[in-house]
Number of protein chains: 2
Amino acid sequence: MLTIAVDAMGGDHAPACVIDGALEALRESGNRFEIILIGQSEKVEPLLGKHDTAGLNLKFMHAPETVTMDDVPATAVKTKQNSSLVKGLQLCKAKEAEAFVSAGNTGAQMAASLFILGRIPGVLRPTIYAYLPRLQEGLTNMVDVGANMDCKPEHLVQFAEMLSIYQRYGAGIENPQVGLLNIGEEEGKGSDTLKQTHPLLKAAHAAGKINFIGNIEGHDILKGKATVVVCDGLVGNTILKFGESIPEFLGVLFKQALEKNVASGSLDQNAAAAATAMFKGMFEPFDVEKFGGVPFLGVDGISIVGHGRSSSRAIKNMIYMAEHMVERKVNEHIAEVLADK
Amino acid sequence: MLTIAVDAMGGDHAPACVIDGALEALRESGNRFEIILIGQSEKVEPLLGKHDTAGLNLKFMHAPETVTMDDVPATAVKTKQNSSLVKGLQLCKAKEAEAFVSAGNTGAQMAASLFILGRIPGVLRPTIYAYLPRLQEGLTNMVDVGANMDCKPEHLVQFAEMLSIYQRYGAGIENPQVGLLNIGEEEGKGSDTLKQTHPLLKAAHAAGKINFIGNIEGHDILKGKATVVVCDGLVGNTILKFGESIPEFLGVLFKQALEKNVASGSLDQNAAAAATAMFKGMFEPFDVEKFGGVPFLGVDGISIVGHGRSSSRAIKNMIYMAEHMVERKVNEHIAEVLADK
């Protein structure tokens with residue numbers, strides 16, 4: 001049976017929300033895997049005690065230390081050896097767990113994952129991707145979204161290869177479409193790095209490693225033109241955060257418009273309530289908690305990272321994501337493709 | 001009296017729309033300035049003949065050639081000497097006009113402006129900015145949005161300085177707030193270029209040239225945290241185009257939600273019509289035609305560029321922008337600040 005280590009202390013609403021998510025995953029899946037919850041016993045056990053966990057494949061492991069959002073990523077792994085983060089990843093390294101899940105400090109998790117698990121052979125730089133809203137079937141994933149600055153062309157090519165493999169094997173997308181995010185469609189456009197990346201992506205396409213559709217522009221992202229949007233971490237992080245801020249911005253605009261329309265009598269109370277419900281429902285494509293979190297691509301093991309504000313539903317879906325990554329052998333496929341240079 | 005040269009052939013709806021905008025600017029302003037419309041006489045004159053232009057400060061100048069969207073920017077200025085673009089900028093160079101306005105090929109206008117008008121002394125690279133939606137008073141402008149790739153720290157600093165001067169003198173913003181678009185708030189974050197730019201912006205702040213508020217992130221843009229958002233042209237162009245695509249994307253979501261709510265009976269026909277009107281009104285902050293267009297900052301003259309899809313209202317507002325730039329002596333202020341190194 002698959003064992004998944006879960007960081008009970010990671011996230012804005014931890015440990016309560018992590019416990020809820022873990023128990024829900026076990027119940028909903030019919031105890032399909034085993035979960036080891038890791039955290040400070042004085043915080044986790046009282047909350048666990050309130051639940052009926054009889055018959056669930058649940059273990060608890062005490063970790064006296066906690067990595068916080070303020071910890072410096074590069075040093076947390078060395079200074080907090082007894083944290084849930086480090087202990088969870090060590091379980092993976094020792095093959096006592098197949099995957100690790102956390103909604104804590106992303107930078108620290110990335111650093112610790114690299115330090116403890118290492119890279120898949122052939123990987124230049126592990127990376128992290130994100131989900132963007134999409135109207136059509138399929139997924140729109142963007143890579144890199146902040147783990148890597150000053151990327152070289154060969155880094156961007158590997159990001160495209162790794163994310164294509166994830167989409168193909170992990171998400172069942174038959175022929176992922178790779179777009180290079182640029183300022184224009186023509187091959188000669190963009191920064192020096194992008195100009196050098198374009199022919200390398202064409203070569204990877206010719207070699208059958210990816211399906212490269214060419215340059216795409218900012219307005220092509222929401223149109224779903226590519227399933228794999230490739231960019232430097234600076235661009236990706238900025239677009240991701242800009243995109244995440246849209247629902248709140250529009251919420252303010254909606255509230256103002258609603259008040260104006262109610263005051264003027266254009267909408268009665270019933271219609272206003274219906275319009276409000278409709279407006280909230282509209283943002284379903286912006287709901288990325290349905291994916292839970294994302295794996296660090298290129299790390300030699302499975303380390304799933306979630307948003308700090310993850311709900312129990314997000315935690316549950318991160319656990320499913322971990323299961324997915326193991327069963328579909330995504331890392332094995334990455335190793336195979338990247339070894340073949 | 002101020003003379004503004006207007007490219008009658010620039011834009012998706014030219015020349016009809018440009019003529020309408022120019023005439024409206026003269027009428028609305030009470031003939032406050034003179035306009036020289038430049039374009040192909042066989043296309044412009046029949047349309048002009050349909051209007052009553054008696055008493056308006058309007059001249060027409062024939063230009064047999066036209067720069068199209070397909071023309072290569074760098075060569076258009078050399079191969080199409082008799083185009084409205086080149087003739088308009090030459091009028092400015094010869095001091096027969098104080099400003100030039102076009103909604104044509106942006107790259108060609110940038111190249112021709114630089115070639116014909118040159119740079120303001122001290123300017124390393126002229127730049128182009130854009131407007132982003134904002135809820136509060138003031139403006140959110142982003143610079144650079146695609147004219148400059150691979151920017152060096154000193155380029156970014158000059159962009160911040162020039163846009164701050166525009167906002168202060170051209171737009172009446174007392175104390176423009178400069179934010180460096182980055183992946184985190186801390187000074188040490190980001191790409192090598194951004195790490196080097198941060199202390200230079202602090203120094204410019206200390207020297208009283210700008211009001212630097214530090215790093216900002218993608219989610220701070222719509223919050224209006226900065227009035228001047230500084231970034232490389234690759235990041236700015238991508239954010240700008242991504243932002244421009246939001247209304248259409250949400251329009252599809254709204255239409256789907258409306259159909260569902262009407263079908264289920266949650267909204268009757270009247271409420272649906274009111275909700276639709278309300279939704280359309282919500283996007284007022286995304287309407288950048290109220291600004292018309294933007295000047296190339298750093299060019300030694302006034303060359304205003306508009307979106308290809310500019311309406312007559314946008315053209316009219318570009319003409320006002322041109323008037324503004326002359327009267328408020330924005331370029332003189334830029335020359336003063338950049339000379340003072």
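- Per an unreviewed UniProt entry, chain A is named Phosphate acyltransferase, and its organism is Chlorobium luteolum.
- UniProt, in its Subunit (unreviewed entry) section for chain A, records the words "Homodimer. Probably interacts with PlsY."
- Quoted straight from UniProt, the Function (unreviewed entry) entry for chain A says "Catalyzes the reversible formation of acyl-phosphate (acyl-PO(4)) from acyl-[acyl-carrier-protein] (acyl-ACP). This enzyme utilizes acyl-ACP as fatty acyl donor, but not acyl-CoA."

### What to know about the relation of the copies chain A and chain B
Next up, step 1: Note on the copies: chain A fits chain B at an RMSD of 0.0 Å, the axial shift is 0.0 Å, and the rotation between them is 180 degrees. Classification of the inter-copy transformation places it as that of a two-fold axis.
Next up, step 2: A shared binding surface is used by both copies, with 100% of the interface residues of chain A retained as interface residues in chain B.

### Brief notes about the pairing of strand β2 (residues 34-39) of chain A
Residue and element names in this part refer to chain A.
Next up, step 1: Burial within β2 is extensive, with six of its six residues counted as buried.
Next up, step 2: Of the two faces of β2, the one holding Glu34, Ile36 and Ile38 and the one holding Ile35, Leu37 and Gly39 are both buried throughout.
Next up, step 3: Regarding topology, helix α1 (residues 16-28) serves as the crossover connection from strand β1 (residues 3-7) to the parallel β2, and that connection is right-handed.
Next up, step 4: Tracing the backbone out of β2, into helix α2 (residues 41-49) and back to the parallel element strand β3 (residues 58-62) gives a crossover that is right-handed.

### Points about the packing of helix α6 (residues 153-170) of chain B against helix α12 (residues 330-339) of chain B
Residues and elements named next belong to chain B.
Next up, step 1: For the pair α6 and α12, interaxial distance at closest approach is 9 Å and the crossing angle is 140 degrees. Considering their axes alone, α6 and α12 lie oblique with respect to each other. Crossing handedness for the pair α6 and α12: right-handed. Along the contact surface, α6 presents Gln158, Glu161, Met162, Ile165, Tyr166, Tyr169 and Gly170, while α12 presents Val330, His333, Ile334, Val337 and Leu338.
Next up, step 2: Residues that form the contact of α6 with α12 fall into these classes: eight nonpolar, three polar and one charged.

### Observations concerning the packing of helix α11 (residues 269-282) of chain A against helix α10 (residues 269-282) of chain B
Next up, step 1: Closest axis-to-axis distance for the α11(A)/α10(B) pair is 10 Å, and the angle between their directions is 55 degrees. Classified by the angle between their axes, α11(A) and α10(B) sit oblique to one another. Crossing hand, α11(A) versus α10(B): right-handed. Only Ala271(B), Ala275(B), Met278(B), Phe279(B) and Met282(B) of α10(B) make contact with α11(A), whose side of the interface consists of Ala271(A), Ala275(A), Met278(A), Phe279(A) and Met282(A).
Next up, step 2: Of the residues belonging to the contact of α11(A) with α10(B), the class tally is 10 nonpolar, no polar and no charged.

### Some remarks on the sheet that holds β3(A)
Residues and elements named next belong to chain A.
Next up, step 1: Strand order in the open sheet made by the six strands is β3-β2-β1-β4-β11-β10, with mixed pairing throughout. Two strands lie at the open edges of the sheet, namely β3 and β10 (293-295), each paired on one side alone. On average, each strand axis in the sheet is inclined to that of its neighbour by 25 degrees, with strand direction left out of account.
Next up, step 2: Taken together, the three bridges between β10 and strand β11 (residues 303-306) define a ladder with antiparallel strand orientation. By the bridge assignment for β11, Pro295 is matched with Ile304.
Next up, step 3: Where α1 meets the sheet, it contacts β1, β2 and β3, and its direction lies at approximately 170 degrees from that of β2.
Next up, step 4: On the sheet, α2 packs against β2 and β3 and is oriented at approximately 155 degrees with respect to β3.

### Regarding the interface of chain A and chain B
Next up, step 1: Taken together, the contact between chain A and chain B spans 51 residues of the former and 52 residues of the latter.
Next up, step 2: Taking both sides of the interface into account, the surface hidden between chain A and chain B amounts to around 4400 Å²; carbon and sulfur atoms contribute 81%.
Next up, step 3: It is Phe242(A), Phe249(A) and Met278(A) in chain A that bury the most area against chain B; as a group they hold 17% of the surface buried on that side.
Next up, step 4: The tally of links between chain A and chain B comes to two salt bridges.
Next up, step 5: The shortest N-O distance in the salt bridge between Glu217(A) and Lys241(B) comes to 2.5 Å.
Next up, step 6: Across the contact surface, chain A and chain B share six residue pairs in polar contact (both at pLDDT 80 or more).
Next up, step 7: Those elements giving two or more residues to the side of chain A that touches chain B turn out to be α7 (192-206), α8 (218-221), α9 (233-244), α10 (246-263) and α11 of chain A.
Next up, step 8: Within the side of chain A that touches chain B, the residues separate by chemical class into 31 nonpolar, 13 polar and seven charged.

### Thoughts on the sheet that holds strand β6 (residues 140-143) of chain A
Residue and element names in this part refer to chain A.
Next up, step 1: Across the sheet, five strands lie side by side as β5-β6-β9-β7-β8; this open sheet has mixed pairing. At either end of the open sheet lies a strand with only one pairing partner, and these are β5 (129-132) and β8 (212-216). Across this sheet, the average inter-strand angle for adjacent strands is 25 degrees, counted without regard to direction.
Next up, step 2: Pairing analysis gives four bridges linking strand β7 (residues 178-181) to β8, with the strands arranged parallel. Counterpart to Leu181 in the pairing with β8 is Ile216.

Each value, and the rule that gives it
- Residues numbered from 1 in each chain as written.
- Chains lettered and ligands numbered in written order.
- Predicted model: local features only at pLDDT ≥ 70, side-chain atom pairs only at ≥ 80, totals over all residues.
- Heavy atoms only, no water.
- UniProt positions renumbered as here; feature names shortened; annotations may be inferred.
- Least-squares fit on C-alpha atoms with pLDDT ≥ 70 in both.
- Contact = heavy atoms within 4.5 Å.
- Buried < 20%, exposed > 50% of the residue type's maximum accessible area, 1.4 Å probe, protein only.
- Helix = DSSP H or I, 4+ residues; strand = E, 2+ residues; numbered from the N terminus.
- Right-handed = clockwise from strand over helix to strand, strands pointing away.
- Axes fitted to C-alpha atoms, helices over the stretch in contact; angles between N-to-C directions.
- Parallel < 35°, antiparallel > 145°, perpendicular 65-115°, else oblique.
- Left-handed = near helix turned anticlockwise from the far one by under 90°.
- Nonpolar A, V, L, I, M, F, W, Y, C, P; charged D, E, K, R; others polar.
- Pairing = 2+ DSSP bridges.
- Buried area = accessible area lost by both parts, 1.4 Å probe.
- Salt bridge = Lys/Arg side-chain N within 4 Å of Asp/Glu carboxyl O.
- Polar contact = N/O pair within 3.5 Å; in protein donor to acceptor, adjacent residues only side chain to side chain.

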